[in-house]
There are 2 protein chains.
Amino acid sequence: MTARISDAHDLAGDPAALLAASPVAAELRAELERRWPAGTDHIGEVSRYALLAPGKMLRPVMLVAAAEAVGGDRAAVLPAAVAIEYLHVASLVHDDIIDGDELRRGRASVPVRFGVPDAIVTGDALILSLFAALTECGLPAEPVLAAVRAVADAGVDLCRGQALEAELLRDPACPPERYRRMAALKTGALFRAACRSGAVLGGGDTEQVAAATRFADRVGTAFQMHDDLLPYLAETEVTGKSGSSDAGNMRPTFPVIVAHGMAGARDRALLAEALSGHRSPVESFALLREVLTRLGAVERAAAEAAEEIRRAHRDLAVLPGGDGARLLAAVADLAIHRDR
Amino acid sequence: MTARISDAHDLAGDPAALLAASPVAAELRAELERRWPAGTDHIGEVSRYALLAPGKMLRPVMLVAAAEAVGGDRAAVLPAAVAIEYLHVASLVHDDIIDGDELRRGRASVPVRFGVPDAIVTGDALILSLFAALTECGLPAEPVLAAVRAVADAGVDLCRGQALEAELLRDPACPPERYRRMAALKTGALFRAACRSGAVLGGGDTEQVAAATRFADRVGTAFQMHDDLLPYLAETEVTGKSGSSDAGNMRPTFPVIVAHGMAGARDRALLAEALSGHRSPVESFALLREVLTRLGAVERAAAEAAEEIRRAHRDLAVLPGGDGARLLAAVADLAIHRDR
């Protein structure tokens, strides 16, 4: 038997355990299996490969939790949760083309396994399918149409955020506010799509929907900040690699931007040198790590991410509470307490 | 002053003139200009470049015409017409990556002008924006949500059709039914999205919506058949090039499939040789042209496309008629009477 959310009260304090104990991820996986059986057509096969790779299902779980947090019905919003996972996976499939990433969730990425043309078309099919799935929510047309709007707007934000991120390359002097805007657009988008549409579909009032949206923005921003911090928080080969990858891509990550704000002229020159593309990715990352550690920028960046999550918890106070709100709180904590 | 549809009665018989006299295309272009002003952000610039290239606006005109043909209001469905153009343009932008096409509508294609990453992200943003635009129709939520479903389903069909087309490569023995399925999925999809959502948004009853959908399927199929015929119908360098391009891509086009059905063993071997990739595109196309002309396959294929359009006209008889239906009839005729 799968544990029920209500069994999880004594798990409070361990967000990963609370999330794992939620039956929502398992229900979602079963729903994906049902919707994408093996042996249909080629797009079906590629979609199945992309969707059924092991993932945390964080965003669809948030959608269901947001709906339940305002008194909504889980079964009615399950198609919307599936839709959010489609958008997330479509963005990963297209990202893997753009970034040339060969691995995703421990397996060959879709463009590597099936080629770029199939990766483009399958990503498109997933984006289109998500809107078909949204129409299957067992709810009146008005909230469903509002959810269509929320997801579409957030999806466009995601695209704009990706473009904005590309503009920030090589620039450690990027103002923190610009970084936050990029993170809220790019990483916040899917959290926002999940929480906003969940609250709308769950029947939340205007104030509750606005609170769920703010909560998602803050969690998304903190999530991206923490992602950027990961290479500096651990010593493993894996995260070292991702740090070199960021540096190799000349991406000014959050702790680098924080360090720039704290640094004198000499350290600023070193940060610029590390992002210039003149050194190897491994050398660049080593240089960044040296400067950031010396300045205490990692701790300061981590404190900013934690402050973002504290604010997110305050947004949750507007919601009626219950299991859904507890699950949202766990996701918020997890955003800055994960090692990958 | 732009001519009104009602001025165009005496233009009947000249579908291109009827279409040109319709104010809908100009209204749509003005709406696109309004929605995509210059100087926003990068995604905005790329979208503007892709959307405002000179095009016939065939599909959005069909959406408005289908809505008017069942008594709907043009202003209320204009956002949906814009949405259909987004879907069309997004599919062109992503197609140009897949096919490596450098020219589109007489200018550099989006991937050539802005690079593949921007082309991927802009196509995605257009697909997502189209659903946001759909929610702006000034109509009750129920028909708008039905239109969301119609457009999403047709969009998925478009993706499935592209994958099916890839499976048909190199095979002149492709059964005509398989070709028709591919054409209805791939090319029919956007016509179907336009006519079905137009009829739904215009307030059409079940029978009218079904007739508009069948009409669109037939026009789409005939449109693809005629596209495949174009290289064999003219002697210009341009269409010769597109014929060589099809042959170079080893794509079995409609007249080739028809020829295969009429041919004996020796001619079948020649058709297979032409699609084998062993000869240059120009040689392959010359060989196909020789065999097809000798067998009379071009005439037979053209007759089948014309029969498809005759059936499309019969579907229109279910609609109340008026300017909208007249415009749909003109588009149907144009599908098989255009030289590009």
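This text goes with the structure placed above it.
These numbers come from a predicted model, not from an experiment. Counting of residues starts from 1 at the beginning of each chain's written sequence and follows it residue by residue. By the order in which they are written, chains take letters starting at A while ligands take numbers starting at 1. Reporting of local features is limited, given that this is a predicted model, to residues whose pLDDT is at least 70; pairs of side-chain atoms are given and counted only at 80 or more, and all residues count toward the totals for whole chains, interfaces and linings. Note that the side-chain values use all heavy atoms of the structure and ignore hydrogens as well as water.

(A) A look at the overall build of chain A. When helices and strands are tallied, chain A shows 17 helices and two strands. Compactness check: chain A gives a C-alpha radius of gyration of 20 Å against a globular reference of 20 Å for 340 residues, within 12% of the reference. Across its three principal directions, the C-alpha atoms of chain A cover 60 × 45 × 35 Å. Buried, partly exposed and exposed residues are distinguished by accessible area as a fraction of the type maximum, computed with a 1.4 Å probe on protein chains only: under 20%, between the cut-offs, and over 50%, respectively. Relative to its full complement of 340 residues, chain A shows a buried share of 58%. Of the contacts made within chain A by residues no fewer than 6 positions apart, 73% connect residues no fewer than 24 positions apart. Working definition of accessibility: Shrake-Rupley area with a 1.4 Å probe, residue cover restricted to the visible protein chains. As presented, chain A carries roughly 13300 Å² of accessible surface, and 53% of it is formed by carbon and sulfur atoms. Just so you know, the count uses Lys and Arg for positive and Asp and Glu for negative, and it drops His and the chain ends. By convention, the charge on Lys lies at NZ, on Arg at CZ, on Asp at CG and on Glu at CD. Taking the 37 positively charged and 46 negatively charged side chains of chain A as two groups, their mean positions are separated by 3 Å. The helix and strand labels rest on DSSP assignments: H or I over at least four residues marks a helix, E over at least two residues marks a strand, and numbering proceeds from the N terminus. Throughout, the radius of gyration refers to the C-alpha atoms, and the reference size of a globule is 2.2 Å times the residue count to the power 0.38. It only takes one pair of heavy atoms within 4.5 Å for two residues to be counted as in contact.

(B) A look at the packing of helix α9 (residues 176-186) of chain A against helix α11 (residues 206-233) of chain A. Residues and elements named next belong to chain A. The convention used is that axes are lines fitted to C-alpha atoms, helices contributing only their stretch in contact, and that angles between N-to-C directions extend from 0 to 180 degrees. Contact geometry of α9 with α11 gives a least axis separation of 8 Å together with a crossing angle of 110 degrees. Our classification of the angle between α9 and α11 gives roughly perpendicular. You can see that α9 and α11 cross each other, and the crossing is right-handed. Residues Y179, R180, A183, A184 and K186 of α9 touch α11, and the partners they reach there are D217, T221, Q224, M225 and D228. Each angle is binned into one of four classes, with values under 35 degrees roughly parallel, values over 145 roughly antiparallel, values of 65 to 115 roughly perpendicular, and all other values oblique. The crossing is said to be left-handed when, going from far helix to near helix, the turn is anticlockwise and less than a right angle, and right-handed when the turn is clockwise.

(C) Region of the structure containing the relation of the copies chain B and chain A. When the copies are overlaid, the least-squares fit takes in C-alpha atoms only where the residue has pLDDT of at least 70 in both copies. You can overlay chain B on chain A at an RMSD of 0.0 Å; the transform is a turn of 180 degrees with a shift of 0.0 Å along its axis. Such a combination of turn and shift is consistent with a two-fold rotation axis. Of the interface residues in chain B, 100% have counterparts in chain A that sit at the interface too, so the contact is made through matching surfaces.

(D) View of the nonpolar core. By convention a nonpolar core is built from buried Ala, Val, Leu, Ile, Met, Phe, Trp, Tyr and Cys residues, the set being connected through side-chain atoms within 4.5 Å. Counting residues in each nonpolar core, the largest one holds 241 residues, and the members touching the most others are A:F131, A:L328, B:F131 and B:L328. Non-local contacts of A:F131, meaning those with residues more than four positions away in its chain, are made with A:V148, A:V151, A:A152, B:L128, B:F131, B:V148 and B:A152.

(E) Quick peek at the pattern of salt bridges. By definition here, a salt bridge exists when the distance from a side-chain nitrogen of Lys or Arg to a carboxyl oxygen of Asp or Glu is within 4 Å. In total, this model carries 56 salt bridges over all chains according to the counting rule given. Residues A:E33 and A:R48 are paired through a salt bridge, measuring 3.2 Å at the closest nitrogen-oxygen approach. Note that A:E33 is positioned in helix α2 (residues 24-35) and A:R48 in helix α3 (residues 42-51), a separation of 15 residues in sequence. Classification of A:E33 by relative accessible area gives partly exposed; the value is 40%. Judged by its relative accessible area of 22%, A:R48 is partly exposed. When the shortest N-O distance is used, the salt bridge between A:R160 and B:D41 registers 2.6 Å.

(F) Looking closely at the environment of A:I309. Residue and element names in this part refer to chain A. Tracing the backbone through its elements, the reader meets I309 in helix α16 (residues 297-316). Distance in space between the C-alpha atoms of I309 and L334 is 9.8 Å, their sequence separation being 25 residues. With residues up to four places along the chain from it excluded, the contact list for I309 reads V219, A222, A332, D333, A335 and I336.

(G) Spatial organisation of the side chain of B:T135. If you trace the backbone, B:T135 turns up in the loop between α7 (116-134) and α8 (141-167). Assessed through its relative accessible area of 18%, B:T135 is described here as buried. With near-sequence residues (within four places) excluded, B:T135 lies in contact with A:L145, A:V148, A:R149 and B:V144.

(H) Representation of the packing of aromatic side chains in the model. Aromatic rings from Phe, Tyr and Trp, taking only the six-membered ring of Trp, are treated as a pair when their centres fall within 6.5 Å; an angle between ring planes under 30 degrees marks them as stacked, one over 60 as edge-to-face, and anything in between as tilted. Inspection of the entire model under this criterion finds eleven aromatic pairs over all chains. On the basis of an interplanar angle of 10 degrees and a centroid distance of 3.9 Å, the ring pair of A:F131 and B:F131 is categorised as stacked. On the criterion of chain membership, the pair formed by A:F131 in helix α7 (residues 116-134) and B:F131 in helix α7 is interchain, its members lying in two chains. When its relative accessible area of 0% is taken as the criterion, B:F131 is described as buried. Of note, A:R113 hangs over the ring of A:F114, and the distance from its end group to the ring centre comes to 4.7 Å. Put simply, a charge is over a ring when the Lys NZ or the Arg CZ is close to the ring centre, within 6 Å, and near the line of the ring normal, within 35 degrees. The lysine or arginine in question, B:R113, covers the ring of B:Y49, its NZ or CZ lying 5.5 Å from the ring centre.

(I) Inspection of the interface of chain B and chain A at higher detail. The interface of chain B with chain A comprises 36 residues on the first partner and 36 residues on the second. Carbon and sulfur atoms make up 77% of the surface buried where chain B meets chain A, a total of about 3200 Å² over both sides. The largest per-residue losses of area from chain B upon contact with chain A belong to B:L128, B:L145 and B:R160, which jointly make up 19% of the total buried on that side. In this assembly, chain B and chain A are joined by four salt bridges. Elements with a minimum of two residues in the side of chain B that touches chain A: α3 (42-51), α5 (74-99), α7 and α8 of chain B. In terms of residue count, α8(B) provides more of the side of chain B that touches chain A than any other element does, 15 residues in total. Accessible area that two parts lose when put together, evaluated with a 1.4 Å probe and summed over both, is termed the buried area.

(J) Structural detail: helix α16 (residues 297-316) of chain B. Residue and element names in this part refer to chain B. Taking 1.5 Å per residue as the helical rise, α16 with its 20 residues ought to reach 28 Å, and the 29 Å between its terminal C-alpha atoms agrees with that figure. All buried positions along α16 are accounted for by A297, V298, A301, A305, E308, I309, A312, D315 and L316. For α16, the buried positions fall inside an angular range of 120 degrees around the axis, keeping them on one side. Those residues of α16 that are exposed and angled more than 90 degrees off the buried face are E299 and R314. Buried-residue contacts for α16 involve α9 (176-186), α11 (206-233), α13 (254-262), α15 (281-295) and α17 (323-335). Take the residue count of a helix, subtract one, and multiply by 1.5 Å to get its expected span. Directions are taken from the helix axis to each C-beta atom, and the arc is the one they span.

(K) Structural detail: the packing of helix α2 (residues 24-35) of chain B against α5(B). Residue and element names in this part refer to chain B. In contact at an axis separation of 10 Å, α2 and α5 are set at 70 degrees when each is read in the N-to-C sense. Relative to α5, α2 is oriented roughly perpendicular. Only R74, L78, P79, A81, V82, E85 and Y86 of α5 make contact with α2, whose side of the interface consists of V24, E27, L28, E31, L32 and R35. Taken together, the residues that form the contact of α2 with α5 break down as eight nonpolar, no polar and five charged. Only Asp, Glu, Lys and Arg are considered charged in this grouping, and only Ala, Val, Leu, Ile, Met, Phe, Trp, Tyr, Cys and Pro are considered nonpolar; every other residue, Gly among them, is considered polar.

(L) Local environment of the state of the cysteines. Cysteine sulfur atoms that come within 2.5 Å of each other are treated as a disulfide pair. Evaluation of the coordinates by the stated rule reveals zero disulfides over all chains. In this model A:C137 remains outside any disulfide bridge; the closest cysteine sulfur is found in A:C195, 15 Å from its own.

(M) Focus on the environment of A:F285. All names here are of chain A. Looking at the secondary structure, you find F285 in helix α15 (residues 281-295). Take F285: its relative accessible area is 6%, and that puts it in the buried class. Considering only alpha carbons, one finds F285 and P231, 54 residues apart in sequence, at a separation of 9.1 Å.

(N) Looking closely at the environment of B:A329. Residue and element names in this part refer to chain B. Looking at the element boundaries, A329 is found in helix α17. Sequence separation of A329 and R107 is 222 residues, and the distance between their C-alpha atoms is 31 Å. Apart from the residues lying within four places of it in its own chain, the contact partners of A329 are H313 and L316.

(O) Layout of unusual backbone geometry. Not every positive phi belongs to a glycine, and A:R105 is a case in point at roughly 50 degrees. Relative to the helices and strands, A:R105 resides in the loop between β1 (103-104) and β2 (107-108).

(P) Just the side chain of A:H94, in detail. Among the secondary structure elements, A:H94 is positioned in helix α5 (residues 74-99). Residues adjacent in sequence count toward polar contacts only when both atoms are side-chain atoms; beyond that, a polar contact is any pair of N or O atoms within 3.5 Å, and within protein one must be able to donate a hydrogen and the other to accept it. From its side chain, A:H94 meets the backbone oxygen of A:A119 in a polar contact 3.4 Å long. Every residue in contact with A:H94, bar those within four places of it in the chain, is listed here: A:A119, A:I120, A:G123, A:D124, B:H94, B:I120 and B:D124.

Keep in mind that these numbers describe shape and distance, not what the molecule does.
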